[in-house]
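Report on the structure
Residues per chain are reported as follows:
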Amino acid sequence: MQFRSKRGAKALLGALFVFGALLLTGCENGSVYGYESDLSSVNETSWHLWRGAWLAAGAVGIFTAALILWPVLRHRRKEGDPQYPKQTQYNVPAEVAYTLIPFVIVAVLFYFTARDQAVITAKEPSQVQHTIDVTGFQWSWQFGHQDGGKDAVVTGTPAQPPTLVLPQGERVAFNIYSPDVVHGFWIPAFMIQIQNIPGVTNRIEFTANKLGEYPGRCNILCGRNHSQMVFKVKVVTPEEYDTYVESLKAGA
Ligand SMILES: [Cu+2]
């Protein structure tokens, strides 16, 4: 980029500043970060980590852009300057700084990630009100509602994707199975994904907070019809949930 005048440089810096300010002042609760902050118990933790990571990335990006643009704009070669500026490699303070600063960034991200992951994956058996077995198979999903015994099972097909019905405000434990290859149980709006691994039972617990319907998907490339491994999540009131499980039993 060539700037004929200082005005061009100032305009660019101004645009960067406005962009940065917009990024940093994103609204508190909306989906400006692509997710809602309170749709599920996972969002309540993950959303803040997600936002924090974006803000940190934005701050680092703006700082780095400024470090690049400052010499580019202010220290351009003038008439009479030598072809190359004075070379200053092996500057120990500079090298220590650019080793230390990335280390600090990674350490901070690691700390918050580990802290929040512990919350998200915590098992609280005394607070679990329902247990659902989630089996991902080539190429659909099966949801077994343990409240209803062996018969309260929904099995989907690629042509008829199943619906996972969840009770609003009640903590559900999910046992995650696969009989064939690795699948990924993913509910994007709930900021949750956990792998279905053959021979391993993964477990996750969470609470759906708001009534509504949300798309679910497999997010591990698992074979030819991977793209058809979709399902729907429907959050209903606890009373409706009980009625639903009863109807599954009766219909079986
Ligand atoms: Cu799959």
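Below, the structure is looked at part by part. Please read all numbers here as calculations on a predicted model, not as lab measurements. Within each chain, residue numbers correspond to sequence positions counted from 1 in written order. Reporting in this predicted model follows two pLDDT cut-offs: at least 70 for local features of residues, and 80 or more for side-chain atom pairs to be given and counted; totals over whole chains, interfaces and linings ignore these cut-offs and use all residues. Working from all heavy atoms in the structure, the side-chain values ignore hydrogens and water.

A few points about helix α2 (residues 41-74)
In this description a helix means any DSSP run of H or I spanning at least four residues, a strand means any run of E spanning at least two, and both kinds are numbered starting from the N terminus. Take the number of residues in a helix, subtract one, and multiply by 1.5 Å to get its expected span. The end-to-end C-alpha distance of α2 is 50 Å, a good match for the 50 Å that 34 residues give at a rise of 1.5 Å each. Regarding α2, the residues found buried are S41, V42, N43, T45, S46, W47, R51, G58, L69 and L73. Regarding α2, its N-cap is S40, as a side-chain oxygen of that residue lies 3.1 Å from the backbone nitrogen of V42 further along. In this scheme, a residue with accessible area under 20% of its type's maximum is buried, one over 50% is exposed, and one in between is partly exposed, where area comes from a 1.4 Å probe on protein chains only. Contacts described as polar in this section are N or O atom pairs within 3.5 Å, which, within protein, must combine one atom able to donate a hydrogen with one able to accept it, while residues neighboring in sequence count only if both atoms come from side chains.

Focus: the coordination of the copper ion
Coordinating N, O and S atoms are those within 2.8 Å of the metal (3.2 Å for Na, K and Ca), and as water is not part of the atoms, a site may appear to have fewer donors than expected. For the copper ion, every protein donor is listed as H183 (ND1), C218 (SG), C222 (SG) and M229 (SD), and the spread of their distances is 2.1 to 2.4 Å. Each label reflects the angles at the metal, where four donors whose angles all fall between 85 and 135 degrees are tetrahedral, four or six donors whose opposite pairs open beyond 155 degrees and whose other angles stay between 65 and 115 are square planar or octahedral respectively, and the rest are irregular. The site at the copper ion holds four donor atoms, and with the angles between them running 90 to 124°, its shape is tetrahedral. Taken in sequence order, the residues that donate to the copper ion follow the motif H-x34-C-x3-C-x6-M. Here C222 lies in the loop between β9 (212-218) and β10 (230-236) and H183 lies in strand β6 (residues 183-187), a separation of 39 residues in the sequence. No difference in accessibility class separates H183 from C222, as the two residues are buried.

A closer look at the nonpolar core
To define a nonpolar core, start from buried Ala, Val, Leu, Ile, Met, Phe, Trp, Tyr and Cys residues and group those joined through side-chain atoms within 4.5 Å. Among the nonpolar cores identified, the biggest contains 38 residues, and F174, F185 and F190 are the most heavily contacted of them. Looking at this core element by element, the count peaks at four residues for β10. Reported domain spans reflect what an automatic or database domain assignment gives. Counting contributing residues per domain, this core is built from domain 1 (6-77 + 85-120) and domain 2 (125-251), each supplying no fewer than three. Excluding residues within four positions of it along the chain, F190 makes contact with L39, S40, V42, N43, L166, F206, A208, Y214, V233 and V235. Here, residues are in contact when the closest pair of their heavy atoms is within 4.5 Å.

Topic: the sheet that holds strand β1 (residues 130-137)
With mixed pairing, five strands are arranged side by side in an open sheet as β3-β2-β1-β5-β8. Looking at strand neighbours, the two that pair on one side only are β3 (153-155) and β8 (202-207), the edges of this open sheet. This sheet shows a mean twist of 20° between the axes of neighbouring strands, independent of strand direction. Note that β1 and strand β5 (residues 171-177) share six bridges and pair parallel. What sits directly across from T131, in β5, is A173. Sheet strands in contact with helix α4 (residues 238-251) are β1, β2 (140-145) and β3, and its direction is about 105° off that of β2. What makes two strands pair is DSSP finding at least two bridges between them. To obtain an axis, a line is fitted to C-alpha atoms, over the contacting stretch when the element is a helix, and the angle between two such axes runs from 0 to 180 degrees between their N-to-C directions.

Points about the pairing of strand β4 (residues 163-167)
Counting buried positions along β4 gives four out of five residues, so the element sits mostly inside the fold. In the sheet, β4 pairs with β10 via five bridges, with the strands oriented parallel. Note that in β10 the partner of T163 across the bridge is K232.

A look at the environment of V165
Counting through the fold element by element, V165 comes out in strand β4. Once the C-alpha coordinates of V165 and K232 are considered, the two residues, 67 residues apart in sequence, prove to be 8.3 Å apart. Not counting chain neighbours up to four residues away, the residues in contact with V165 comprise I132, H145, K234, V236, Y241 and Y244.

Focus on the packing of aromatic side chains
Each aromatic pair joins two rings of Phe, Tyr and Trp (for Trp, the six-membered one) with centres within 6.5 Å, and gets the label stacked for planes under 30 degrees apart, edge-to-face for over 60, and tilted for any other angle. Evaluation of the coordinates by the stated rule reveals 12 aromatic pairs. Ring geometry for F190 against Y214: centres 5.0 Å apart, planes inclined by 55°, an arrangement best described as tilted. On the criterion of sequence distance, the pair formed by F190 in the loop between β6 and β7 (192-196) and Y214 in strand β9 is long-range, its members being 24 residues apart. An identical accessibility class is assigned to F190 and Y214; each is buried. Ring pairing ties together the aromatic residues W141, F143, F174, F185, F190, F206, Y214 and F231, which thus form one cluster.

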